[in-house]
Amino acid sequence: MIPVLAIAAWSGTGKTTLLKKLIPALCARGIRPGLIKHTHHNMDVDKPGKDSYELRKAGAAQTIVASRQRWALMTETPDEAPLDLAYLVSRMDHSTLDLVLVEGFKYEAIAKILLFRRNAGHDVHELTLDQHVVAVASDIALPLEIPVLDLNDIEEMAAFIVKWCAVCRTR
């Protein structure tokens, strides 16, 4: 089973910005990441300037962008039920990947790193720290019982993810 790790946060916290830096850092460490990006918008993919285009260009080996209306590898699904993350992960070619990163899907029962930014309009007590949260990445120190990563230190975050993947493979 391929490791699946969500990067989850409130809108405007910088998930895509982080992933555009994190994906090349993981690639440089020999990790072949795939990406599934959840969006609530009716979207078109692979246009310069769009998140899907930028993330693919950043080095994701595969990219699936998903909304209720459609998901790509282009499969139109305007009348589908809510997205099934396990199904989307199963559509990816696991032989070319070491990890599937997920942007969004914060309510899924999967491993996740939560992002917290001091000036993003939320209080640290609003974080939902359940059994699926493996770390919190923040721009401030937080007194938590789980790992707190420096949101601005991409190398630290990449190293944490590489170690997390290694633990997943031994299970």
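Refer to the structure presented above.
This one's a predicted model, so the numbers in the text were calculated from it and none came from an experiment.

**Student:** An account of the overall build of the chain is needed here, citing residue identities and associated values.
**Tutor:** A count of helical and extended segments in the chain gives four helices and nine strands. Across the 171 residues of the chain, 47% fall into the buried class. Considering only intrachain contacts with a sequence separation of at least 6, the fraction spanning at least 24 residues in the chain is 61%. For the chain, the accessible area works out to roughly 9,000 Å², and carbon and sulfur atoms hold 50% of it.

**Student:** Just give me the short version of the nonpolar core, but keep the residues and values in it.
**Tutor:** Leu5, Leu99, Ile113, Ile161 and Trp164 are the most contacted members of the largest nonpolar core, which has 31 residues in total. Of all the elements in the fold, those that place two or more residues in this core are β1 (4-8), α1 (15-28), β6 (99-103), β7 (111-116), β8 (133-138) and α4 (154-170). Here this core gets eight residues from one element, more than from any other, and that element is α4. Not counting residues within four places of it along the chain, the set of residues in contact with Leu99 comprises Ile2, Pro3, Leu5, Leu26, Ile31, Arg32, Pro33, Gly34, Ile161, Trp164 and Cys165. Ile2, Met92, Val102 and Phe105 belong to the second largest nonpolar core, which has 16 residues in total.

**Student:** Please give an account of the pattern of salt bridges that cites residues and values.
**Tutor:** In total, this model carries four salt bridges according to the counting rule given. The partner of Lys37 in a salt bridge is Asp51, and the shortest N-O contact between them spans 3.5 Å. Residue Lys37 is located in strand β2 (residues 33-38), and its partner Asp51 is located in helix α2 (residues 51-57); the two are separated by 14 residues in the primary sequence. Its relative accessible area of 9% is what places Lys37 among the buried residues. Looking at Asp51, the relative accessible area reads 33%, which means it is partly exposed.

The rules behind the values
Residues numbered from 1 in each chain as written. Predicted model: local features only at pLDDT ≥ 70, side-chain atom pairs only at ≥ 80, totals over all residues. Heavy atoms only, no water. Helix = DSSP H or I, 4+ residues; strand = E, 2+ residues; numbered from the N terminus. Buried < 20%, exposed > 50% of the residue type's maximum accessible area, 1.4 Å probe, protein only. Contact = heavy atoms within 4.5 Å. Areas by Shrake-Rupley, 256 points an atom, 1.4 Å probe, with all protein chains shown as cover. Core = buried A, V, L, I, M, F, W, Y, C linked by side-chain atoms within 4.5 Å. Salt bridge = Lys/Arg side-chain N within 4 Å of Asp/Glu carboxyl O.

By themselves these figures say nothing about function.
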